Each structure stands twice: as C-alpha cells, then as structure tokens.
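Survey of secondary and tertiary structure
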Amino acid sequence: MRTYDIAQRHAGSWGWKVSGYLFTKSIAAGAFLIPALLSLFDEAAPVERLFRSGVPLALAFLALTGVLLVADLKRPERFLWVLLRPQWKSWLVRGAYIITAYGALLGGWFTFGGTPGGFFSTLGGILAAATAAYSGWLFGQAKGRDLWQSPLVPVHLLCQALVAGSAALLLCAPFELADLANVLAVALALDALLILAEMHGRHASEAAARAQKLMISGQRRWWLYCGSLAIGHFLAIVLVLTGEGPTRAVAACFALIGVLIYEHLWVDAPQRLPLA
Amino acid sequence: MPRHLSKIEKLAASLGLVPKARDLPVPERLGDGRLSHYPPFEKWENWEELDARRLPHRYSLIPTTCFNCEAGCGLLAYVDRDSGEIEKIEGNPLHPGSRGRNCAKGPATLNQLRDPERILTPMKRVGPRGTGKFEPCGWDEALEAIANRIRCAFDEGRGEEVMYHVGRPGHEAFMERLLSAWGIDGHNSHTTVCSASARCGYQLAWGYDRPSPDYENAQLILLISSHLEAGHYFNPHAQRIIDAKNRGARIVVLDPRLSNTASRADLWLSTRPGTEAAVLLATIRVLLLAGAVDRTFVENWVDWRGYLQSVHCEASPDLDTFLRLLAEDLAEYTPEYAAQLAGISPDQVRQLAREIERAGPRVAAHVWRAAASGNEGGWQVARAMCLLTALVGAVGAPGGTSPSAWNKFKPEFWTKTEGPKNWNELIWPKEYPLSFYEMSHILPHLVLDGRGKIDVYFTRVINPVWTFPDGFTWMEMLRDESRVGLYVALTPTWNETAYFADFVLPMGHSAERHDIQSQETHAGRWVSFRQPVKRARAALAGEEATDTRSFNPGEVWEEDEFWIDLTWRIDPDGKRGIRRHYESPYRPGKKVTVDEYYRWIFENGVPGLPEKAKEAGLEPLEYMRRVGAFELERGKYRLHEQKVEIPEGSRVRVEAAGGLVTLDGKVVGVAVDGAIRHGFPTPSRKIEVVSKTLAEWGFPGEALPRYSPSHVGPEVIDPEKGIYTLVPTFRLPTMIHSRSGNAKHLNEISHANPVWMHPDDADRHSLADGDLLKVETSIGHSINRVRVTDGVRPGVVACSHHMGRWRLEGGIGSQWSSATVRIEPIEGGRMRLRIIEPSGPFDSADPDTRRGWWKESGVHQNLTFPPQSDPISGMHCWHQLVRVSPAGPGDQYGDVVVDMEKSREVHRAWLAKARPPAGDLRRPEWLPRPLRPQPEAYRIDQQRAPDSP
C-alpha cells in the first residue's frame, strides 16, 4: 500500500549482509570449481595440491556464507526451518539444500581426501557451480526488482565465482599452478564483458533501465568504473599477466575487490527504486 | 485441505526440531466465495487455531462494524476464550459491503483498542480552559452536571443553545431522533468541510444528494476523485472498481494529482483545479453533436420541457429541439476551449466522449470531494456529472449510477418524534438558504459576531480545531466561557479540540459500542451491526449484560447508553415529553436498554430479517449478533420507474405540461409512459437541466450548468511569481481525519505530509526534494518539506490531509502522532504554532512505543486556511491560492503563523457573496436537512417564543 508521502527508508531490505553473502559464496564456489575444472585439463599432481588449498578455503568461506545468510534472516533462530519445513518453490530453500550438499561434499573431501577428475571431483564441481549460480534465480524471484530478472544473472554469478575462486587460490597457493594466473585473466575479461553488457545493454523494462542508470551515474559511477572495472578488472588483468609473485597477489586482491564492489552495487541499485 | 507436510518436515517434527503441525478444521469459502481462509461460520463460536509459535488458541469470532471511515465495513473480532481479550481483528466475510476484505484501517482497530494512551475514565477540566489539564471524575458527576445545564436551558426556552456537533455519525438516525425528541434544532455536522458542494450539485439535478455508482457492473468508471485509493467508501468501492477492471471495464480519472486511482486509469486527465465542469460540459456537447444520447431516457426522465420553457420559451416543445438547443447553448464549450482551460489536449476530451459513448448506459460516475469541495462553484461539477450520466441513460441502470437513497437502509422506531419547532441560526444562518448542510465551519465567526451563544456544546467524532479551516478562531471561541458555556467532548482518544473541553468522556471504538449502519456501497441495500464484542459474546453465552461499561476497558462507555441515560436525567419524570421516546417498547415505562432498542428495529424495521433469522433458528437480534450484517435486497435498478400506488377511489390531477401528478394538493408522482411513477424527488420529478430553485433564490446566472471560474483557477495562478493552486484535500488510504492517530501501525505507514511539487516548478524556485518551503495563504503561512514528483501537474502544489497533529507543552495527548508545540502571539498581532519537540519514541506498557523511527509528524496546514464559503452550497472551498518560496533562515519545520484578523476579513468577504432569501421562507422546502424541523420553522419571523420543548 503505497502512500507516496513517506520517504523510502525501508527500501534497502537487502543490505551489506546479502552482498557479503554473494561475495563469500563466490569464493567458496570458485575455490573448488577452479581445481575441478583444471583437473579436466592439467596433470593430476599440481591440481591435487590446488585442491588441498581450495577445499579448506571453500569450507571456510562457505561457513562464512552460512553465517551471513542466517544473520540476514528476520528470525535467525528459525534458520533450520528453511531446511526442515521446506517450501520447494522457493530458491531460498533449493539454494539452502544445494549449499548443504556442497558443504557435505567439501567436508567429506577435507576429511577423507578425493581424487581430481574422479566422481566426487565432478560432483563437487557441479555443486560448486550450482552454489554460485542459484542466487540468480533467487534474486529473480523478487519480481518487483526488474534488474534482477535478467536470464544472464546465473551465468554472471558463475563467472564471478571463477574470478573470486582463482583470485583467492592465487593468494593462498600462488605457486601451485601456473595456469591459475591465466584462468584469472580470462575470467576477469569475461566478467568485464558481462558487466559492460549489463550496464550498457538494452533492458527489458524501464525499471531495469533506471536501476542500470543508477549504477552508471552519480557516486556509484566512480565505484563501478574506477573501483570495479578499471582497478578490479583491467588493472588486475594487466598485473596478473605481466607481473609475478607479489604483483600477482596484488592483482588477485584487486580482482576480489572488483567483484565485491560490483556485487554490492548490483544488490543495492534496484532497491533504490520505488516499487509502485 | 490441510497443508501437505513433506517427509522432511514430519521427520523434523518427530525429532522436535520444528513445532509439530496439527490437523485443523478446513477453511471454508464464505461470503461471496472468493475468500478461502475464513473459518466456517458454524465454528465461529468456538474456533481453534495456532499462533505463529504453533501454540493453539481458542477463540470466539464475533462480528462488528468498523468505525474508522464511513464505509461501515464488516470486522470479525477474535476474542480469546481463555483470556477474554480481543486478540485480532479481521474482515467479516459475511458483510455484503466489504465481503471480508478490509483496508489497513480495519485491522488497525486492534491498535486503537490497545493504545496505551487512550482515555479510560471521564475527565474534568482543571484550571483555565484550553490548557490541557484534566483530572478523572465519575460518570454520575459528569452526567448530572450536563443534564442539569440542559434541563435548565430547556426550561428557560433556550433549547437552541444546546448543540451537538458530529463528524462521522456511524449510526442510522440515532442522534437525529434524539435531538428531534429533545425538540431542538441542535444538530451540527461537518458536511460543509466535506461534501456540501457535491451534495448540492447532485441534489439540484436529480433530487438526491449523493450517487451510488454500480461499479462492479460498469463498462466505464468515471471518477473525479480518488475513490479507489482513499475516497469516502474507499475499500468497498476499490474492490468493486478493480473487479470491474479485471473484467474489462475502463477507468477515466480527472485529477491534477497522480493518485493511486489515477495510476490505474486507462485515461488520466490531469486537469487544472477548477476547470473540471468545463471538461464535462465539452464532453456533453460532443455527445450531443454525435447524437450519442439515450433518447428514450431523456424523453421520459429529463425535464427538457422545463428547460425549453425557461430558456427557449418560444421553441417547439419536442425532444429534438431540446437536444439541438442544448448543444447550441453549450456552443462555447468546444473540446479546444475546455482543453485550453484544463491544460489537457482536445483529443483527450474527445477520447473521454468516445469512452462514454462506447459504454452507453454502463457509466458509473462519481465526484464527491476533490474538484467539488476544492473550488468555488464546485457544485457545478457534480451537476454536470449528473447531467452527463442522465443523457446517456446511465441513471439507475445496471452498471450505471443510481441515487444513494436506493441503496441505503433507514430504520424505523417505535415512537414518532415531531422534530424541532425552531430554526437555529447559528447552524443555519440566513445568508445560506441553499447550504448542504449545517454551516459548521463558520460557527466560531458567527459566535464571535455575537449572533448567539452556545450553552452546552457536544462534539463527537469531530476535531474542528484541527480538521476544520481556521483552527485559531475555533480556539478563540472555545476558550471563551461566555460564548461556550459547557463543552463536552465525547471521544475515545485525545485530540486538539478536546483540550478545550470541560468534560472529556471516553467512548468506545468499533468493538466496544453499538450502532447500526448502512451505506450505498453497491447495487444493494444492507444493514450492519456494530457491537461491543465482549458484551455480545457474553449475551450469546446467555450471560446478563446490561451496561457496556462492564465489558470495556476502564470506564469507557458507548454513546447509545450515554444518550439514553442523559435523556432520562434531563426528563426524569417524563413531564417534558422527551423520556417517552426512550422507554422500552417491551417494558412500558422502563428505560429502554440498548438490546431492546436494536431488538425492536431488527424485529420490526428491517424487512426480511426476521424471516432470514427464523430460517437459521434464531431471533433477529441474535442473528445480527452472530452474522453482523444483513442484505435486504440486491440489484434493484430504475426505481424511478416504479408505479405509485394510488388508493382506490382517490382522484388525482395530472398536470398537462410536465405530467406532475397531485393527490389532495400534494405531488405524488409523475405521469410517464402511461403510468404514474415515482420519478425523482425534484420539483419536476425529473432530472433538471435548469434549476428554477437557483433562479428563484437569488442565483439566476447559475440556473444552467456552466463553468464558473474558481477562486484558484488557471486565471489567477502565476507560477513564475510563485503563485500556485494548493490542493490540500487529498487523503491517504491509511488514515482518517484524526481518529486514526492512535493506531501505531497506521502511523508507521504514514506520518508526514510533504508538499508535492512538479520538478519544473521546483527547479524554478531552486527547491530540491526534502527542502523546507514556505506556503503562504491569504492569512498566514506554514513551513513544510517539498516532495519533488512528477505525480502532480505543473502550477499545482498538493499536500495531504491527516498529518500535523500536535499537543500542547505539558498537556495531555497522543504521542504516536503528534509533536509538542507552543502556541504564542508574535509580532503583528499574529499567532504562531511552533514545534518544541518532535514526535518520537516514548515509554509505555507497549514496547512498540520505543520503536518509532520517524521524527517529523507533518504540518498542520489547515490552520492557515481562512473560511471560504461557497455562496450557494455553503461548502468551505478548500483549495487555496498560495505563494510558494524557499523557507527563510528563521523558519522551522512545522511552523504555522496566522493573522486571525485577516481570517475574519476573508470570512466577511466570502459572506458578502451569499444571498439571504428574499421571500418568507428560510430554505426551499424540497431541499433536505439531516434533522428536519417542523414546517413552521421554515418561515422567517415565525420563530416561536421561548417555551419548553
């Protein structure tokens, strides 16, 4: 029931905890997804070493993701109800089960070990991809926010997971696999293209276009273009391709910051528009 | 079906991880069948359901009727069978008007019941009047003091010094009958700040003072207002408008503001305020030229002969000539002319005409406040609207627009009262013989002019200091004990006017009082029962229940019992002839109880109810206690065509020219299509295009439908110089005037009233959204925030009603909705109201009172409006011509500064436009009055010598 006369103080119902959850989830998903993908192409030994870094990293960030998710609930003490009283049409529930399954697999791998390229590696890769992408459909269920309705959102989240995962692994295990830097560079380039397409492409509705405009104008414009794109993507690509050692670590940090900035802007902007 | 439980949930419940689900009765479809989650009716008395923690609760579901706006929607109170408390309030699915669906104000009744600041005991003034200091007193003390004073006034022949002033009646005829029994012309109301103008326009056209559009069957819904969003019957109308829209009906809205209603329109005409009549007349002309009129209806039911006789007496008296000449008389109202005035395009006018032509007689049209109430001459808008519907045959048609009286129930009583013998000139001043109705908004000016005094003044569901224009003058009158002897405020909650009372007497909310109510929400006639639900529950359980106070919190009472008790105290021995009307029809000589009062009405005055109750095996009163409402009939159309039953052997006279039929010198109908029919209650018994009443009562220039420039029309505004039209009347769907101030949830939804301004206008004055701006009227100014929005047309600023509540420094009052203010004289003989402390969180038994997150509670703009009385309808013309500018350095949010002397001058200037009657009647006898005096009171100089009523 819109009354017009009251400022939109409650407009941002999803705040930093939600964008934080997207970010930690991207790392959690990417940290397993990257070695799982590389195991299809690279030698087993270095990939196995990468798994050794990736699995605890993924577990830690998945736990952090869970904390943020529960903290964002209006009734955190009821978080188990999402799993135990499931409403299957909701991507919140589906996502909770995906995360739970992914967490179980990571726990099992961490405890008992696993084989790169094996069944659990493939299954884990699929669950990691689902963990990254499901939020696209979850946001899509917020029908009033047109910017979140794009069918590209799950793909974009998957790409962000590749960026975040490879950057985080580069920081944790910089010498494990030379391909990691190239993977990060490719993922960053792909992500930059998706961001540019999202920001400058045509949108299906006026509300989506207005949200898009909010992201590329005003103060947010500097965060987007300087913070996320220039530093978080283009500079990161240059540094990761041309530098070594600490320079690559800096590039990885830039990439992570770039992902975080974009995800926060993307969560925030559509909520700035009135619903009626 | 019960909710399907997954295996996961069953397992989790068995392990104790989530609460166990329980099998509960299956929800049933009730009412009109579209709501699926109401408990089955037969289980209302003992219903069990789980709360949010899955703990079971046993309830009795008792219906009542909402008492927030005037729609009279059905409510269903869930009374906890263990604690006896009302735990929640939902809609009553068996109510024919609201059908189980309610707006936010209905369930918010629970907030009002539990308001930690509500008045729980009778209060008596302490110290000087108007300082807001009170102490508790007993009901007996208050009643005795009031009764003694009234008895004395009656005995001394000063009955007209007793005045009852009401906002929302919320009942059917209770007070009119009481005042009639008391024999005093003491009924004052709020219609001249509400709907006088529309009432006047409709009345002059078809003899009824309001319409009843059949929205749900309409093809075109034409609204000059925002009914869907916030109008008079917002909820029952809104749901029917949307039902119709979902079925393919189209909506056209004329409104300078993008209201919620306009946002749902197929065609939104953002007309300049005051130009709406021109748009309607241009539309009529387009239809006439296109021949798109219902010739049969016009032939039979429009007084075209009267029109030709009055305007073209030499023309051939036939329908074609009338249609041709009417179009010629409207020649100046071309689409281009109207569009240029209204600031829209000529094509939009033509499109409106096409929409109407396409819908044929299924045009449900409504203007109630909006353009009618805002503008001088606004009643012409309603008259043009009525004429428009008549020309296309929509009057009384299915999906068209019927008169209100066809769809409203009126009760009968076991005794007849005679009515007042005298005419109260403080309420019905001679300058306004055509007013609709009581000239309440100029009461303080009349009193200060020495035209009379008020010995006992009651207010009920009204807060004129805040709601009416020119509140400072109201304060001046109320402070003066020589002008207002004893002031009694009947109210459930504190308000700005009650600060000036001598007694503040707490009355119940909708779940704590009795009334019956009926409203014309659709093509049907219903009556709804408002009842104190705890008392009703006790009665249904067979317990003795004779005094509503025993069931209400504290010493809160209800008006019905209060007035009956007071009447007996005024006439303890029955010698004044008053008491007999309040003696039991079942126990002669005994005081009537409220149960007996309604029992008699339900048994004898509601056709069909006794039979319906019998079918259910219940007495009529018990049926209404359990069901809450009864629909007498539905789908009655074209009642004007009903034949008049002439007693056998009687001889009637039929007038050759107009077909008027008289019996014993009294008009009983009109001869149409070979029969004597009821027709419409106008002098011609038909819909009148030309008003002889206006011509005869001093306004020949207004006798024909026309566009009269408004006091705030496009001719006088000049945005370049900062001069705008202020639309101060629009409402929010979540609030009523000041009665909802103590509902916490409603306050959270809406609590400020910024001034809407178009971005082009805001740029002109370098104003950004949220900036402070100064709005100057002819008597003062207020400081408010600007809301820069495309939702209002350029050249118009708008500020919603409801907000800007206040309480005095150190005084009592509701903290939910009001800021603490200081009222003080400043330089230039002006008065200033300034916020000392904004509204904010406060401590109470309700933890929510600490959670208020808003600081600004609006600006009391009405203080800066002088009374601007339309010379014909008497309506206070709400729209203001204002100068807008950025606030100055010394200005604060919420400041209101008023020069009261200027207010007196403006009142006199508007009064000078009025025309007292030239003949020996005070008012045309065919025009209605809510409380009709005896015929001799209508005659000037026939005021009776003082005697006992």
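Heads up: these notes are all about the structure in this document. All values reported here derive from a predicted model rather than from experimental measurement.

**Description of the overall build of chain B**
- When you go through chain B residue by residue, the secondary structure sums to 28 helices and 36 strands.
- Against the globule reference of 30 Å for 949 residues, chain B gives a C-alpha radius of gyration of 28 Å, in line with a compact fold.
- Counting only C-alpha atoms, chain B reaches 90 × 80 × 75 Å along its principal axes.
- Within the span of chain B, comprising 949 residues, buried residues form 57% of the whole.
- In chain B, 71% of the contacts between residues at least 6 apart in sequence involve partners at least 24 apart.

**Focus on the sheet that holds strand S17 (residues 454-460) of chain B**
Residues and elements named next belong to chain B.
- On the basis of which strands lie adjacent, the open sheet formed by 7 strands has the order S8-S7-S19-S18-S17-S9-S10 and mixed pairing. In the strand order of this sheet, the two ends are held by strand S8 (134-136) and strand S10 (187-188), each with one partner.
- Relative to strand S19 (residues 503-505), strand S7 (residues 123-125) runs antiparallel, the two being bridged by 2 bridges. Directly across from methionine 123, in S19, lies its bridge partner valine 504.

**Thoughts on the interface of chain A and chain B**
- Each partner contributes residues to the interface: chain A has 11 residues there, and chain B has 20 residues.
- Its residues placed into classes, the side of chain A that touches chain B shows 7 nonpolar, 1 polar and 3 charged.

**A look at helix H4 (residues 174-182) of chain B**
Residues and elements named next belong to chain B.
- Among the 9 residues that make up H4, 8 are buried, leaving the element largely enclosed by the rest of the structure.
- Along H4, the residues that are buried comprise Phe174, Met175, Arg177, Leu178, Leu179, Ser180, Ala181 and Trp182.
- Contacts from the buried residues of H4 go to strand S9 (162-166), S10 and helix H21 (559-570).
- Directly after H4, the chain includes glycine 183, whose backbone phi takes a positive value near 75 degrees.

**Notes on the environment of Val775(B)**
Residues and elements named next belong to chain B.
- Along the chain, the position of valine 775 falls in strand S29 (residues 772-776).
- In this structure valine 775 comes out as buried when scored by C-beta crowding, with 26 C-beta atoms within 10 Å.
- Considering only alpha carbons, one finds valine 775 and alanine 71, 704 residues apart in sequence, at a separation of 33 Å.
- Residues contacting valine 775, with those up to four places away along its chain left out, are Leu726, Val755, His781, Ser782, Asn784, Val882 and Val884.

**Focus: the nonpolar core**
- If you look at the biggest cluster of nonpolar residues, it comprises 236 residues, and the most contacted ones within it are Ile221(B) and Val488(B).
- Beyond its immediate chain neighbours, meaning those up to four positions away, Val488(B) contacts Ile146(B), Val456(B), Phe458(B), Ala501(B), Asp502(B), Phe503(B) and Leu505(B).
- Core analysis: the next-biggest nonpolar cluster, separate from the first, contains 83 residues, Ala29(A), Leu105(A), Cys159(A) and Leu169(A) among them.

**Some remarks on the sheet that holds strand S5 (residues 74-80) of chain B**
All names here are of chain B.
- Ordered by their spatial adjacency, 4 strands build an open sheet running S3-S4-S5-S6, and the pairing between neighbours is antiparallel. With one partner strand each, in any of the chains shown, strand S3 (47-50) and strand S6 (86-91) form the two edges of the open sheet. In this sheet, neighbouring strand axes are inclined to one another by 40 degrees on average, regardless of whether the strands run parallel or antiparallel.
- Judged from the 4 bridges that link them, S3 and strand S4 (residues 56-65) form a sheet pairing that is antiparallel. Among the inter-strand pairings, glutamate 49 is bridged to a residue of S4, identified as histidine 57.
- Sitting on the sheet, helix H20 (residues 533-540) is in contact with S4, S5 and S6, with an inclination near 105 degrees to S4.

Thresholds, definitions, all that
- Residues numbered from 1 in each chain as written.
- Chains lettered and ligands numbered in written order.
- Predicted model: local features only at pLDDT ≥ 70, side-chain atom pairs only at ≥ 80, totals over all residues.
- Helix = DSSP H or I, 4+ residues; strand = E, 2+ residues; numbered from the N terminus.
- Rg over C-alpha atoms; globule rule 2.2 N^0.38 Å.
- Buried ≥ 20, exposed ≤ 12 C-beta atoms within 10 Å, placed from the backbone.
- Contact = placed C-beta atoms within 7 Å.
- Pairing = 2+ DSSP bridges.
- Nonpolar A, V, L, I, M, F, W, Y, C, P; charged D, E, K, R; others polar.
- Core = buried A, V, L, I, M, F, W, Y, C linked by C-beta atoms within 7 Å.
- Axes fitted to C-alpha atoms, helices over the stretch in contact; angles between N-to-C directions.

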